[in-house]
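Now for the letters of each chain:
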Amino acid sequence: MKNMKEYLKEDQLNFFSLEEFAPHDDLKKQVKKGFSSLHKSLCSGCFYNYEGSLLFDKICELPEYYLTRTELAVLEDNMGDIIAEIPEQAIITELGNGNPVKIKLFFEALFQRQNRVQYTPIDISIQYMAQSMRRLIEQYPNLQITAIGGRYEDGIHFLQKTDAPKCILWLGSSIGNLTDNKAVDFLSKISRMMQPEDSLLIGMDMIKDWEIIDAAYNDAQGITAAFNMNLLRRINNNLDADFNLAQFRHEPVCNKAESRMESYITSCKDQQVSIRDLDMEVSFKENERIHVEVSCKYSEEKIATIADRSGLRLKSRWFDTRKWFSLNLFSPA
């Protein structure tokens, strides 16, 4: 690991980039793997360059996208109880540089109780995270930030070097971007790295009327479509490809049997795309799909099963009044 760059006050913000994580090389690896498969796919992490992160911020403000508003309501209504579960000396670790309103709710509550707060966000969108951290430092003079650019599990592994307890936040139902088995694999890695006094707070979107869910991923303004299509634009810009975005479309699909939304980018015609940095020629048939994301929805029983399989114990849970969204606080079993 190396210190990438220090912003503003040296005693208030450290910014690290994991040496083994290189966003450009990671994109090349994911694109080559995904387009070499029989059923083409790209991992959801490929969405989050700087432009992708900005587009996702816009998605969170959409009237159809209930997730952010509902999770915020759960946080606002229960923050006192949540903070009571976090030791005063704990490092607040956030997986993903998420909605700043959410983390500010934590800071406002914590600063009512204590003089200083230690915060460690972990994210692959390094440029976007750097700007966010500068704004937080300006707003909270007693906030100590150690920002880590890299994958979540690598960042948590780095944090094992400190003996301080950690409260790991994984908000926004981002866990839903993993299938159940992959979620168990990931959470098992995290639980094995957690100390007995550590905790993990996960936002999880609950099963509800599928018309409400479908609208959240197919908004009238087309921001979600732009978010998906930005993935092809990123490949064009970073890997010298020639995707014609007008010849592809955003296609969300309700998979009720698996309790999840699925997002695809679909080819509008037979065509061939060159990705020169990879020396690849990729052929697409008309209506052939690129699978780019899943967004799983949860029941209380499903959450319990995933936790049990992952070596986690449910300590506390909070819902909104409609039980559309849940915040689940886990400790290592």
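Coordinates for the structure precede this section.
Here the structure is a predicted model, which is why all the values come from computation and not from measurement.

A. Spatial organisation of the environment of Ile 124. Looking at the secondary structure, you find Ile 124 in the loop between strand 4 (117-123) and helix 5 (126-139). Residue classification places Ile 124 among the partly exposed residues on the basis of a relative accessible area of 23%. In this structure, the C-alpha to C-alpha distance between Ile 124 and Ile 306, residues 182 residues apart in sequence, is 25 Å.

B. How the structure looks around unusual backbone geometry. Even without a glycine there, the phi angle at Ser 259 is positive, about 55 degrees. Mapped onto the secondary structure, Ser 259 falls in the loop between strand 8 (248-255) and strand 9 (260-267). Under the relative-accessibility criterion, Ser 259 is labelled buried at 17%. Even without being a glycine, Lys 323 presents a positive backbone phi close to 60 degrees. Inspection of the secondary structure assignment puts Lys 323 in the loop between strand 13 (312-319) and strand 14 (325-332). Judged by its relative accessible area of 44%, Lys 323 falls in the partly exposed class.

C. Quick peek at the packing of aromatic side chains. Counted by the stated rule, this structure contains 20 aromatic pairs. Centroid distance Phe 111 to Tyr 140: 5.9 Å. Interplanar angle 15 degrees. Geometry classified as stacked. Here Tyr 140 lies in the loop between helix 5 and strand 5 (143-149) and Phe 111 lies in helix 4 (residues 100-113), a separation of 29 residues in the sequence. Given the relative accessible area of 23%, Phe 111 is considered partly exposed. We classify Tyr 140 as buried; its relative accessible area is 6%. Grouping aromatic residues by their ring pairs yields a cluster made of Phe 47, Tyr 48, Phe 56, Tyr 65, Tyr 217 and Phe 227. For the cation-ring pair, Arg 289 lies above Tyr 264, with the distance from its terminal atom to the ring centre recorded as 4.4 Å. Directly above the ring of Tyr 298 sits Lys 302, whose terminal nitrogen or CZ lies 4.9 Å from the centroid.

D. Inspection of the sheet that holds strand 8 at higher detail. What the three strands build is an open sheet, ordered 8-9-12; its pairing is antiparallel. Of all strands in the sheet, those with a lone pairing partner are strand 8 and strand 12 (289-296), marking the two edges. Averaged over all neighbouring strand pairs, the angle between strand axes comes to 20 degrees, with direction disregarded. Two elements, strand 9 and strand 12, share seven bridges in a ladder whose sense is antiparallel.

E. The arrangement of empty space enclosed by the protein in detail. All told, the structure shown has one cavity of 30 Å³ or more when counted by the stated rule. Taken together, Ile 175, Leu 187, Ile 202, Met 204, Ile 303, Ile 306, Ala 307, Leu 312 and Phe 330 make up the full set of residues lining the largest cavity. Of all the secondary structure elements, the ones that give two or more residues to the lining of the largest cavity are strand 7 (199-205) and helix 10 (300-310). Of all the elements, helix 10 adds the most residues to the lining of the largest cavity, at three residues. Across the lining of the largest cavity, the residue classes break down as nine nonpolar, no polar and no charged.

F. Molecular detail of the pairing of strand 6 (residues 166-170). Burial of strand 6 is extensive: five of the five residues sit out of reach of the surface. Pairing of strand 3 (residues 91-95) with strand 6 involves four bridges; the strand directions are parallel. If you follow Ile 91 over to strand 6, its bridge partner there is Lys 166. Two strands pair when backbone bridges link them, and strand 6 and strand 7 are joined in this way by four bridges, in the parallel orientation. Bridged to Cys 167 within strand 7 is Ser 199. After leaving strand 6, the chain enters helix 7 (residues 180-193) and then returns to the sheet as strand 7, a path that is right-handed.

Calculation rules
Residues numbered from 1 in each chain as written. Predicted model: local features only at pLDDT ≥ 70, side-chain atom pairs only at ≥ 80, totals over all residues. Heavy atoms only, no water. Helix = DSSP H or I, 4+ residues; strand = E, 2+ residues; numbered from the N terminus. Buried < 20%, exposed > 50% of the residue type's maximum accessible area, 1.4 Å probe, protein only. Phe/Tyr/Trp six-rings, centres within 6.5 Å; stacked < 30°, edge-to-face > 60°. Lys NZ or Arg CZ within 6 Å of the ring centre and 35° of its normal. Pairing = 2+ DSSP bridges. Axes fitted to C-alpha atoms, helices over the stretch in contact; angles between N-to-C directions. 1 Å grid on protein atoms, 1.4 Å probe; cavity = no way out; pocket = protein on both sides within 12 Å on 5 of 7 lines; lining within 4 Å. Points joined across faces, edges and corners; volume = space filled by probe spheres on them. Nonpolar A, V, L, I, M, F, W, Y, C, P; charged D, E, K, R; others polar. Right-handed = clockwise from strand over helix to strand, strands pointing away.

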